[in-house]
Amino acid sequence: MRRSIATVSLSGSLADKLTAIGAAGFDGVEIFENDLVAGAMGPEEVRARAADLGLGIDLYQPFRDFEAVPPALLARNLRRAEHKFAVMERLGATRLLVCSSVSPESVDDDALAAEQLRLLAERAAEHGITIAYEALAWGRHVDDYPHAWRIVRMADHPGLGVCLDSFHILSRETDPYAIETIPAEKIFFLQLADAPRLPMDVLYWSRHYRCFPGQGDLDVAGLVAHVLRTGYDGPLSLEVFNDIFRQAAAMRTARDAMRSLIFLEEEVGERLDAQGALNLPAPALSLPAPPPAAPVPTGFAFAELAVPEPRPLGDLLDALGFVRTGVHSGKPVELWEQGEARILLNSGSAESEDGPALGAIGLESPDPGASVKRAEALLSPVLPRSRAPRDAPLDAVAAPDGTELFFCRTARPDHPSWTDDFGRDRREPPDGEITHIDHVALTQPWHHFDEASLFYRAVLGLRPHESLELPDPYGLMRSRAASTADGRVRFALNVAYVGAHDGVPYGASHGGPGVAWQHVALASRDIAATARRLRAAGTAVLPIPANYHDDLEARHDLGAERHRLLRELGLLYDRDAHGEFLHFYTLTTGRVFLEVVQRLGGYRGYGAVNAPVRLAAQHAASRPRLG
Ligand SMILES: O=C(O)c1ccc(O)c(O)c1
Ligand SMILES: [Mg+2]
């Protein structure tokens with residue numbers, strides 16, 4: 001099947017867009033009229049440029065407000081159409097998208113709409129052009145695909161069919177099942193977009209918040225499965241109107257778009273397989289071969305912090321009960337361990353220029369080689385294995401925020417272990433309260449948030465959780481977790497909302513809304529003991545205001561003794577339907593802080609209700625003291 005994308009989905013000039021679309025490996029484009037009209041390239045030049053890049057022009061769009069109008073207006077609309085046919089002939093485009101009318105001059109008369117669309121299709125046929133009629137979710141009289149299809153059927157012209165757009169169908173919760181009653185040869189085009197569920201006006205939602213399939217909440221794969229079951233074999237074409245993608249680098253967005261499409265095809269294939277491939281029409285069976293399956297990671301192997309020098313983070317780890325169990329044989333890297341929690345302090349990395357930063361994460365993979373093949377097939381940058389000859393080979397890819405992800409098998413007989421690089425006389429890890437890394441929180445650049453949630457889902461096979469908004473004293477943080485089903489690997493992805501025009505958040509002079517902070521959360525089996533241990537070592541933790549604990553007592557009745565303990569040790573508290581959560585934070589150094597957490601029962605969250613208190617406390621603690 002052809003893979004296409006509408007030029008409206010990307011930033012830049014039409015030439016930039018085409019270059020990016022070609023580089024990402026698409027087969028075709030939908031030329032969005034505004035891109036042509038506002039651009040310097042004439043239609044012949046666009047045609048030649050697209051051809052040079054191996055791109056077909058699969059659609060020209062949109063033609064608006066055509067049907068069901070009084071005769072005088074029809075004549076004007078046909079004249080307008082003739083001009084567009086001429087442009088399309090110069091472009092070499094043979095399919096025109098007509099959106100259902102939003103004009104107050106159109107009337108609610110299906111027979112009239114059908115008659116006029118038939119006339120349009122007849123005129124178009126004289127130029128070798130066909131018409132795909134699309135129901136906009138906010139169309140004045142035609143606002144869903146069953147209605148558009150009734151009109152197309154009534155018009156009964158071979159050059160007139162429907163265009164289906166997943167956003168218009170799924171946003172309004174129109175039942176996609178009836179798509180299967182449309183003959184494949186009458187589905188002229190298929191546009192795909194996802195979106196987060198937002199309770200807002202559908203036009204505004206569509207024009208600003210669409211995203212690539214797999215990044216939002218709509219069941220795009222389910223819809224495509226219905227379409228393919230008809231025997232449709234036209235393009236799968238992404239059409240995304242998104243305020244952030246309009247600003248982001250086109251090359252990167254195009255690659256993100258292609259990753260989304262590859263992942264979508266895989267999901268569609270699984271749906272169709274699950275429903276029995278026997279009665280499927282041929283096009284549905286000719287979906288491209290899916291990428292190699294994602295080996296689901298089974299835990300964190302390590303977190304690597306780039307540090308200017310091993311102290312003071314080493315002192316903090318020591319106070320937490322970690323032991324330095326080894327030093328890398330060839331690089332200034334220390335390995336600190338407790339239970340299965342492993343932290344590397346790397347003082348030989350340029351990333352620590354502004355103080356400690358999280359540089360790399362090791363994930364336990366059942367098959368590290370397969371993890372990298374998957375990442376590569378989904379267009380993730382694979383990192384070179386430029387390591388000293390003695391080093392255990394490590395397979396790594398770059399996550400969207402630049403963090404290096406290593407796929408490891410720690411101390412397993414079937415695979416070289418990265419721990420072998422830390423000397424034969426490695427000490428035994430101590431058995432303390434801290435048992436393992438619970439989660440890692442990464443801060444995404446503001447324009448890579450959707451890309452990141454798709455990356456963790458598609459490349460690593462994690463499940464995305466709902467997207468949350470967390471107030472920070474200097475802005476809003478958007479936060480979304482992604483985890484394995486068993487919770488052994490959990491990521492929290494955060495991004496600072498910005499007045500997205502200059503990329504510099506208000507409050508930047510205060511460090512901005514938690515802009516660059518990253519953290520590693522350590523699981524403790526007895527968080528009170530861990531907190532006391534730090535206190536005994538004279539290590540300060542993030543102070544929590546008494547107001548928080550007053551409010552906590554109002555919200556929960558945990559008994560006087562427990563409330564006293566939480567207050568005394570500065571612990572934060574949350575609960576969900578599955579269990580309870582206790583946590584506290586260390587002070588931030590550079591970009592990094594540590595969190596200590598204890599999950600009681602099957603608590604599934606990350607203490608998000610407490611994030612505003614944490615963020616405010618962190619700003620207060622990091623503000624330079626006056627006088
Ligand atoms: O928002 C719009 O106007 C618009 C235009 C063309 C489309 O294909 C579409 O889905 C929406
Ligand atoms: Mg559309």
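Rules used throughout
- Residues numbered from 1 in each chain as written.
- Chains lettered and ligands numbered in written order.
- Predicted model: local features only at pLDDT ≥ 70, side-chain atom pairs only at ≥ 80, totals over all residues.
- Heavy atoms only, no water.
- UniProt positions renumbered as here; feature names shortened; annotations may be inferred.
- Donors = N, O, S within 2.8 Å, 3.2 Å for Na, K, Ca; no water.
- Tetrahedral: all angles 85-135°; square planar, octahedral: opposite > 155°, others 65-115°.
- Helix = DSSP H or I, 4+ residues; strand = E, 2+ residues; numbered from the N terminus.
- Buried < 20%, exposed > 50% of the residue type's maximum accessible area, 1.4 Å probe, protein only.
- Near = heavy atom within 4 Å.
- Polar contact = N/O pair within 3.5 Å; in protein donor to acceptor, adjacent residues only side chain to side chain.
- Areas by Shrake-Rupley, 256 points an atom, 1.4 Å probe, with all protein chains shown as cover.
- 1 Å grid on protein atoms, 1.4 Å probe; cavity = no way out; pocket = protein on both sides within 12 Å on 5 of 7 lines; lining within 4 Å.
- Sits in = over half its atoms within 2 Å of the grid points.
- Pairing = 2+ DSSP bridges.
- Right-handed = clockwise from strand over helix to strand, strands pointing away.
- Core = buried A, V, L, I, M, F, W, Y, C linked by side-chain atoms within 4.5 Å.
- Domains from an automatic or database assignment.
- Contact = heavy atoms within 4.5 Å.
- Axes fitted to C-alpha atoms, helices over the stretch in contact; angles between N-to-C directions.
- Parallel < 35°, antiparallel > 145°, perpendicular 65-115°, else oblique.
- Left-handed = near helix turned anticlockwise from the far one by under 90°.
- Salt bridge = Lys/Arg side-chain N within 4 Å of Asp/Glu carboxyl O.

In the nomenclature of an unreviewed UniProt entry, the chain corresponds to 3-dehydroshikimate dehydratase from the organism Actinomadura rugatobispora. What UniProt records for the chain under Function (unreviewed entry) is the sentence "Catalyzes the conversion of 3-dehydroshikimate to protocatechuate (3,4-dihydroxybenzoate), a common intermediate of quinate and shikimate degradation pathways." Recorded in UniProt for the chain, the comment headed Pathway (unreviewed entry) runs: "Aromatic compound metabolism; 3,4-dihydroxybenzoate biosynthesis."

(A) View of the coordination of the magnesium ion (ligand 2). In the first shell of the magnesium ion (ligand 2), the protein supplies E134 (OE), D165 (OD), Q191 (OE1) and E239 (OE), at 2.1 to 2.3 Å from the metal. Relative to the metal, the six donor atoms surrounding the magnesium ion (ligand 2) lie at angles of 77 to 174°, and the coordination shape comes out octahedral. Coordination of the magnesium ion (ligand 2) draws on donor residues from a single chain, spaced E-x30-D-x25-Q-x47-E in sequence. Highlighted residues: E134 in strand β5 (residues 130-134) and E239 in the loop between β8 (236-238) and α10 (250-274), separated in sequence by 105 residues. Its relative accessible area of 2% is what places E239 among the buried residues.

(B) Here's a closer look at the site of ligand 1. The full set close to ligand 1 counts 15 residues, and R64, E134, H168, R207 and E239 are the nearest of them. The separation between an oxygen atom of ligand 1 and a polar side-chain atom of Q191 is 3.1 Å. Burial of ligand 1 by the surrounding chains reaches 100%, relative to a free accessible area of 290 Å². Assessed atom by atom at 2 Å from the grid points, ligand 1 resides in the largest cavity. Secondary structure elements with two or more residues in the shell around ligand 1: β3 (56-63) and β4 (95-99).

(C) Summary view of the pairing of strand β1 (residues 3-6). The two faces of β1 match: R3 and I5 on one face and S4 and A6 on the other face are all buried. Of the strand pairs in this sheet, β1 and β8 are connected by three bridges, and their pairing is parallel. Paired with S4 across the two strands is S237, which belongs to β8. After leaving β1, the chain enters helix α1 (residues 14-23) and then returns to the sheet as strand β2 (residues 28-32), a path that is right-handed.

(D) Region of the structure containing the nonpolar core. Within the largest apolar cluster, 174 residues are counted, with the highest numbers of intra-cluster contacts made by F26, L192, L320, Y456, F491 and L522. Residue contributions to this core peak at ten residues, all from α10. For this core, the domains that each give at least three residues are domain 1 (3-285) and domain 2 (299-621). Every residue in contact with L320, bar those within four places of it in the chain, is listed here: Q338, I434, L522, T530, R533, L534, L594 and V596. By size, the runner-up hydrophobic cluster in this structure holds twelve residues, among which are F302, A360, A396 and F422.

(E) The arrangement of the packing of helix α3 (residues 43-52) against helix α4 (residues 71-91) in detail. Running from amino to carboxyl end, α3 crosses α4 at an angle of 40°, the nearest separation of the two axes being 7 Å. Classified by the angle between their axes, α3 and α4 sit oblique to one another. Handedness of the crossing formed by α3 with α4: right-handed. Across from P43, E44, V46 and R47 in α3, the residues of α4 making contact are V87, E89, R90 and L91.

(F) Spatial organisation of the pattern of salt bridges. Evaluation of the coordinates by the stated rule reveals 36 salt bridges. Notably, a salt bridge pairs K84 with E33, separated by 3.3 Å at the nearest N-O pair. Here K84, found in helix α4, pairs with E33, found in helix α2 (residues 33-37); they are 51 residues apart in sequence, far enough to count as distant. On the basis of relative accessibility, which here comes to 19%, the residue K84 falls in the buried class. The class for E33 is buried, based on a relative accessible area of 15%. Between E267 and R457 there is a salt bridge, with its nearest N and O atoms 3.5 Å apart. Taken together, the residues span a long stretch of sequence, with E267 in helix α10 and R457 in helix α14 (residues 449-458) at a distance of 190 residues. Overall, the relative accessible area of 19% leaves E267 in the buried class.

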